[in-house]
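# Chain and residue survey
Given next are the chains, with one letter for each unit.
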Amino acid sequence: MRPSPLPSQSRVPCPDLCRSLPRRFGRPSPMRKSGRGVVSTLSSMVTRFFSRSESTSRPVRFGSGSPTQSSSDDSTKTMTDTWYSIREPQAKLTQGDIITECPLLTWETPKADAGEALGPTPVDSVDRLSRMAEARKADVVVMTQACDLAQSKVSNVVLCPCLPLSKFKVRWEDSEKSRNQVPSPKAWKRLCDDIKDGYMWNLFMMDSLPESEITTEHRIVDFHAIFTVPRTFIETLLVERGAKRLSLLPPYREHLSQSFARYFMRVGLPQNIKPVW
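A brief look at the structure comes next. (Residues numbered from 1 in each chain as written. Predicted model: local features only at pLDDT ≥ 70, side-chain atom pairs only at ≥ 80, totals over all residues. Heavy atoms only, no water.)

### A look at the pattern of salt bridges
Taken as a whole, this structure holds 13 salt bridges when the rule is applied. Across the salt bridge formed by Asp97 and Arg245, the nearest N and O atoms sit 3.0 Å from each other. Residue Asp97 is found in the loop between strand S3 (84–87) and strand S4 (98–107), and its partner Arg245 is found in strand S10 (residues 245–248); the two are separated by 148 residues along the sequence. Given a relative accessible area of 3%, Arg245 falls into the buried group. When the shortest N-O distance is used, the salt bridge between Glu134 and Arg136 registers 3.3 Å. Assessed through its relative accessible area of 38%, Arg136 is described here as partly exposed. Via salt bridges that share partners, Arg87, Asp97 and Arg245 belong to a single interconnected network. (Salt bridge = Lys/Arg side-chain N within 4 Å of Asp/Glu carboxyl O. Helix = DSSP H or I, 4+ residues; strand = E, 2+ residues; numbered from the N terminus. Buried < 20%, exposed > 50% of the residue type's maximum accessible area, 1.4 Å probe, protein only.)

Take a look at the structure:
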């Protein structure tokens, strides 16, 4: 059974339309004999309400994973079509920042120690763990909440790998072949559609940016692999490199955060609902 799509894909009322509704009336006042009557006042309010431009009263349409404004007038859009902004090296770290070739610590279990029990003393355990640490580089996206970073509430930053789609495809093809499966174009398209529409709990797809000062192809974020790196280390690294970086813009940044939360909050039921329909 497929999980349900993201909650953000459901239709929601338009905020602009809600703001345009008149406020609740208070105690009715006696009708005045002179001046504008009640009928004239209501008629004027209705006229003003329906004279609003079509672009601001039209509801927002949510597609599969990428919310867009249904209006074609760029000057009245409340959401941006651009997924990314370009940030300077000195800019403060925030959620959605993409850091390429970021140094990370991973854990590799030596074959000789795979079946061994932990040492008898805490010193042995610490030494064993230190020997399992391995440094490597990977493209990552910052997952720590933007407000926590802005207010300096965290000393470590949570990161998830974001693999370019071309490299992800190579790994997928190798995985399919190892299971004696044929990595057909139809299967690849179905997988990409499932990731884009939110049916793959542990994967998230970022859009491409082909024409910009900094370009990127589609990227796949993997929530299975989570890393923490000291914040001061990353900020120093970015300044030393002196290179600009891409960063997700709202609401795409929040869309990523929501998918991350959905992955951790999922519940496995021992008995599913038995349909009678």
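### Points about helix H8 (residues 231–241)
A turn of α-helix holds 3.6 residues, and therefore any two residues three or four places apart point the same way. Buried within H8 we find Arg231, Ile234, Leu237 and Leu238. The buried residues of H8 all sit within an arc of 130 degrees when viewed along its axis, so they share a single face. Away from its buried face, by an angle of more than 90 degrees, H8 presents the exposed residues Thr232 and Glu240. In the core, the buried residues of H8 are packed alongside S4, helix H5 (146–150), strand S6 (156–164), strand S9 (227–230) and S10. (Arc of directions from axis to C-beta. Contact = heavy atoms within 4.5 Å.)

### Overview of the environment of Leu249
Assignment of secondary structure puts Leu249 in the loop between S10 and helix H9 (252–265). You can call Leu249 partly exposed: its relative accessible area is 23%. Sequence spacing of Leu249 and Thr82 is 167 residues, and the spatial spacing of their C-alpha atoms is 7.5 Å. With residues near it in sequence (within four places) discarded, Leu249 still touches Thr80, Thr82, Trp83, Tyr84 and Ser85.

### Digging into the packing of helix H6 (residues 165–178) against helix H7 (residues 185–196)
Where H6 meets H7, the axes come as close as 12 Å, and the angle between the chain directions of the two elements is 125 degrees. By the angle class used here, H6 and H7 are oblique. As for the relative orientation of H6 and H7, their crossing is right-handed in sense. Counting all contacts with H6, which are made through Leu165, Phe168, Lys169 and Trp172, the residues of H7 involved are Ala187, Trp188, Leu191, Cys192 and Ile195. Residue classes in the contact of H6 with H7 are distributed as eight nonpolar, no polar and one charged. (Axes fitted to C-alpha atoms, helices over the stretch in contact; angles between N-to-C directions. Parallel < 35°, antiparallel > 145°, perpendicular 65-115°, else oblique. Left-handed = near helix turned anticlockwise from the far one by under 90°. Nonpolar A, V, L, I, M, F, W, Y, C, P; charged D, E, K, R; others polar.)

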